[in-house]
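One-letter residues, chain by chain:
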Amino acid sequence: MHAIAAVALAVFLIVTGVMHFLAPGYFRMLVPAWLRRERLLVAVTGAAEVVVGTLVLVPGTRSAGGWAAAVLIVCYLVSHVDALRRARPDRPRLLERPVGAVARLVVNVLYVAWAVAVARSGA
């Protein structure tokens with residue numbers, strides 16, 4: 001089971017990383033305005049996700065990759081906390097409303113837990 005969770009995390013990270021390049025507009029929208037350089041941040045984080053996902057995929061680097069994934073995903077919490085701060089109930093998009101912003105935050109905390117579990121198992 002641990003190997004399945006690790007491979008699933010690796011595929012998730014690699015696919016999400018590639019999507020940063022195929023649909024960059026969506027990911028730029030998630031970058032808080034005060035961070036600026038949305039294009040650069042999306043490209044760097046997309047590349048980082050592909051690299052980290054590859055580390056998780058390879059059994060010999062799986063534990064290190066899991067820890068790297070946890071750190072990377074924790075960095076994304078800045079975006080989700082910012083979205084929660086800016087959320088308003090009258091926004092047209094669900095992710096821009098308080099319930100959507102909270103859901104984003106909770107899901108990302110679960111991603112961190114998933115990455116930590118993979119790192120600890122080393123499977």
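Note on numbering: residues in each chain are counted from 1, in written sequence order. A pLDDT threshold of at least 70 governs which residues receive local features in this predicted model, and a stricter bar of 80 or more applies before side-chain atom pairs are shown or counted, although totals over entire chains, interfaces and linings include all residues. The side-chain numbers reported here are obtained from all heavy atoms of the structure, hydrogens and water having been left aside.

K.L.:
Would you mind showing me how to read the overall build of the protein here?
P.N.:
Numbering of helices and strands runs from the N terminus, with a helix taken as a DSSP run of H or I at least four residues long and a strand as a DSSP run of E at least two residues long. A tally of regular secondary structure across the protein gives five helices and zero strands. Seen in sequence order, the protein has helices and strands lined up from the N terminus as α-α-α-α-α. For this measure, only C-alpha atoms enter the radius of gyration; the expected value for a globule follows 2.2 Å times N^0.38, where N is the number of residues. Taken over C-alpha atoms, the radius of gyration comes to 15 Å for the protein, in line with the 14 Å a tight globule of 123 residues would show. Overall, the protein is about 45 × 25 × 20 Å in size when its C-alpha atoms are taken along their principal axes. Burial classes follow relative accessibility: with a 1.4 Å probe on protein chains only, a residue under 20% of its type's maximum area counts as buried, one over 50% as exposed, and anything between as partly exposed. Split into buried and exposed, the 123 residues of the protein put 33% on the buried side.

K.L.:
Any chance you could explain the packing of helix 3 (residues 38–57) against helix 4 (residues 62–86) here in plain terms?
P.N.:
Describing two packed helices takes the angle between their axes plus the distance from one axis to the other. To define axes, lines are fitted to C-alpha atoms, for helices over the stretch in contact only, and angles between the resulting N-to-C directions are given on a 0 to 180 degree scale. Taken N-terminus to C-terminus, the directions of helix 3 and helix 4 make an angle of 150 degrees; their axes are 7 Å apart at the nearest point. With respect to helix 4, the axis of helix 3 lies roughly antiparallel. The handedness of the crossing between helix 3 and helix 4 comes out as left-handed. On helix 4, the residues that touch T45, A48, E49, V52, L55, V56 and L57 of helix 3 are R62, G65, G66, A68, A69, L72 and Y76. If an angle is under 35 degrees, it is roughly parallel; if it is over 145, roughly antiparallel; if it lies from 65 to 115, roughly perpendicular; otherwise it is oblique. The sense of a crossing depends on the near helix, which, turned anticlockwise from the far helix by less than a right angle, makes the crossing left-handed and, turned clockwise, makes it right-handed. In what follows, residue pairs with any heavy atoms lying within 4.5 Å of each other are defined as contacts.

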